[in-house]
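Observations on chain architecture
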Amino acid sequence: MEKITGKELNEAADNPTVKAVNKSGSTDHDNDGFELIAIEDEDGFNQWAEPVWNMLTTSHENVGGLKGYRSYYDFCQKKHLFIIALGKNNKLMACATYRRIVTSKKMVVIGCEQSKEGKLALQCIVQDNIKNFGLHYWAEVSGRIERYFRKHYGYPMPNTLAGKTLNVDESEIKLSEKDNVHYYRLIDDGDFYEKMIFCAENEEPFNKVMEEVEAYGTFMQFNDANEAPAQKYTIKQAVYIIENIYRAHEEDGFNELIPSWHQGLLDCLETLCSAPTKTQSIIDYIRYGEYLLEDMQLLELHPLEPTLYGNGQAKKGETK
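In short, a report on the structure.

**With respect to a nonpolar patch on the surface**
Taken together, the side chains of Tyr246, Tyr288 and Tyr291 define a hydrophobic patch exposed on the protein surface, amounting to about 250 Å² of accessible area. Here tyrosine 288 shows up in helix α10 (residues 280-295).

Here it is in structure tokens:
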């Protein structure tokens, strides 16, 4: 995958739209040549609502349509805040919308021009978020877990920052062509799997996701007393748990193990491996459990290192 830097883009003679000129007339190098502007007043909203809406709908047309707004009328009625990234001649290159909450803002949706420059502009917006919104954590997700994070207002990370965030070689990442946040990552088994990264201000979104998955996974809760106190689960319970996690993975789209499921599988395998008599059925369930531990990644919350992402800074106000 070709590595793109702001310096290379700014110096490319065949990409004259990349450099941005700020209000003082100088290039804003802190944001890789783009000018970031926070649109927070009604005049600014009226000026940028239609181009932002058009960019968002175009960015999401290949992934089932724009979520978060029912229509352009709904979009205008909500009057959410914008951060826009502008290129030369005030050309809109990327944008993000936010809803107001009591003490902060929550990202609703992001979009960008479908070009390398547009993706880089979107990176600048996220860099601004990391610096100014106090984003402290990230988690890599896919499938069913991704839907839970979207529900609880995780901030999607642009896929162009995935390699830097994961600290992996760029050859292990392939960017998805369907949107700006998904990518394919090379996993230990030698195959590429679709993933995305969500960021959060604190641990609350992660904890809410854990609560919802726990509510889905009630198969790990037992009211009866354990007949084998040396292990957490009986053989019957261990088989039941492995069956249900296997079904969640193969049929319901769970590709990650939440920590309690991961520990549960370890406890189940301990029970089955300690069985005094290993029937063929027990041997099969040991194999199933080991397969799940190998094929499903552990869902973890990682600290975000702001120094990795530069010094993005959005200015307040509207543009002419």
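**Quick look at the packing of helix α8 (residues 235-250) against α10**
Look at α8 against α10: their axes get within 10 Å of each other, and the N-to-C directions meet at 45°. The orientation of α8 with respect to α10, classified from their angle, is oblique. Like other packed secondary-structure pairs, α8 and α10 cross with a definite hand, here left-handed. The residues of α10 that touch α8, namely those facing Ile235, Val239, Ile242, Glu243, Ile245, Tyr246, His249 and Glu250, are Ile282, Tyr285, Tyr288, Gly289, Tyr291, Leu292 and Asp295. Each residue belonging to the contact of α8 with α10 can be placed in one class, and the counts come to 10 nonpolar, 2 polar and 3 charged.

**Re empty space enclosed by the protein**
If you walk through the whole model with that rule in mind, you get 1 cavity of 30 Å³ or more. Of the voids in this model, the largest cavity is the one considered here, and its volume is about 30 Å³. Residue lining of the largest cavity: Tyr137, Trp138, Ala139, Phe149, Phe198, Cys199, Ala200, Phe206 and Leu301, and that is the complete set. Of all elements in the fold, only β5 (137-141) and β9 (192-200) reach the threshold of two or more residues within the lining of the largest cavity. Looking at the lining of the largest cavity, its residues break down into 9 nonpolar, no polar and no charged.

**Details of helix α2 (residues 42-59)**
Between its terminal C-alpha atoms α2 stretches 24 Å, which fits the 26 Å expected from 18 residues at 1.5 Å a residue. Looking only at α2, the buried set comprises Gly44, Phe45, Trp48, Ala49, Val52, Trp53, Met55, Leu56 and Ser59.

**Observations concerning the packing of helix α9 (residues 259-273) against α10**
Any two packed helices are characterised by how steeply their axes cross, that is the angle between the axes, and by the distance between the axes. Taken N-terminus to C-terminus, the directions of α9 and α10 make an angle of 155°; their axes are 10 Å apart at the nearest point. Relative to α10, the element α9 is oriented roughly antiparallel. In terms of crossing hand, the pair formed by α9 and α10 is left-handed. Where α9 abuts α10, its residues His262, Leu265, Leu266, Leu269, Leu272 and Cys273 lie against Ile282, Tyr285, Ile286, Gly289, Glu290, Leu292 and Leu293. Partitioning the contact of α9 with α10 into residue classes produces 10 nonpolar, 2 polar and 1 charged.

**Brief notes about the pairing of strand β3 (residues 92-100)**
Moving residue by residue along a regular strand, the side chains alternate between the two faces of the sheet. Counted residue by residue, β3 has 7 buried out of 9 residues, so it is predominantly covered. Across 6 bridges, the pairing between strand β2 (residues 81-86) and β3 is antiparallel. Note on β3: the bridge partner recorded for phenylalanine 82 is threonine 97. Hairpin geometry of β2 and β3 is characterised by an intervening segment of 5 residues between the two adjacent antiparallel strands and by a positive phi of about 60° at asparagine 89.

**What to know about the side chain of arginine 185**
By the secondary structure assignment, arginine 185 is in strand β8 (residues 183-186). Residues within four places of arginine 185 in sequence aside, it is in contact with Glu140, Leu166, Glu172, Ile173, Asp191, Phe192, Tyr193 and Gln297.

**Comments concerning the environment of tyrosine 72**
Here tyrosine 72 lies in helix α3 (residues 72-78). We classify tyrosine 72 as partly exposed; its relative accessible area is 33%. For the pair tyrosine 72 and glutamate 50, spaced 22 residues apart in sequence, the C-alpha separation works out to 8.4 Å. Leaving out residues up to four positions away in the same chain, tyrosine 72 has contacts with Ala49, Glu50 and Trp53.

Each value, and the rule that gives it
Numbers given to residues run from 1 along each chain, matching the order in which its sequence is written. Local features in this predicted model are restricted to residues whose pLDDT is 70 or higher, and side-chain atom pairs enter the listing and the counts only when it is 80 or higher, whereas totals over whole chains, interfaces and linings include all residues. Water and hydrogen atoms play no part in the side-chain values, which are based on all heavy atoms of the structure. Any residue with relative accessible area above 30% and no salt bridge may belong to a patch, with like charges joined within 9 Å and the nonpolar Val, Leu, Ile, Met, Phe, Trp and Tyr side chains within 5 Å. Using the Shrake-Rupley algorithm and a 1.4 Å probe, accessible areas are obtained, with residue cover drawn only from the displayed protein chains. For salt bridges, the criterion is a side-chain nitrogen of Lys or Arg within 4 Å of an Asp or Glu carboxyl oxygen. For helices the rule is a DSSP run of H or I covering at least 4 residues; for strands it is a run of E covering at least 2, with both sets numbered from the N terminus onward. To obtain each axis, a line is fitted to C-alpha atoms, and for helices this fit is confined to the stretch in contact; angles are then taken between N-to-C directions over 0 to 180 degrees. Oblique is the label for every angle not falling under 35 degrees (roughly parallel), over 145 degrees (roughly antiparallel), or within 65 to 115 degrees (roughly perpendicular). Handedness of a crossing follows from how the near helix is turned relative to the far one, being left-handed for an anticlockwise turn of less than a right angle and right-handed for a clockwise one. Residue contacts are defined here by distance: any two heavy atoms, one from each residue, within 4.5 Å place the two residues in contact. Here the nonpolar group is Ala, Val, Leu, Ile, Met, Phe, Trp, Tyr, Cys and Pro; Asp, Glu, Lys and Arg are the charged ones; every other residue, Gly included, is treated as polar. A 1.4 Å probe that fits into a set of points on a 1 Å grid over the protein atoms alone but cannot get out defines a cavity; an open set with protein on both sides within 12 Å along at least five of seven lines defines a pocket, and lining residues are those with an atom within 4 Å of a point. Grid points are joined across faces, edges and corners, and a volume is the space filled by probe spheres set on the points. Expected span of a helix, by definition, is 1.5 Å for each gap between consecutive residues, and there is one gap fewer than residues. With a 1.4 Å probe rolled over the protein chains alone, any residue whose accessible area is under 20% of its type maximum counts as buried; one over 50% counts as exposed, and the rest are partly exposed. DSSP-based pairing: two strands are paired if at least 2 bridges between them are found.

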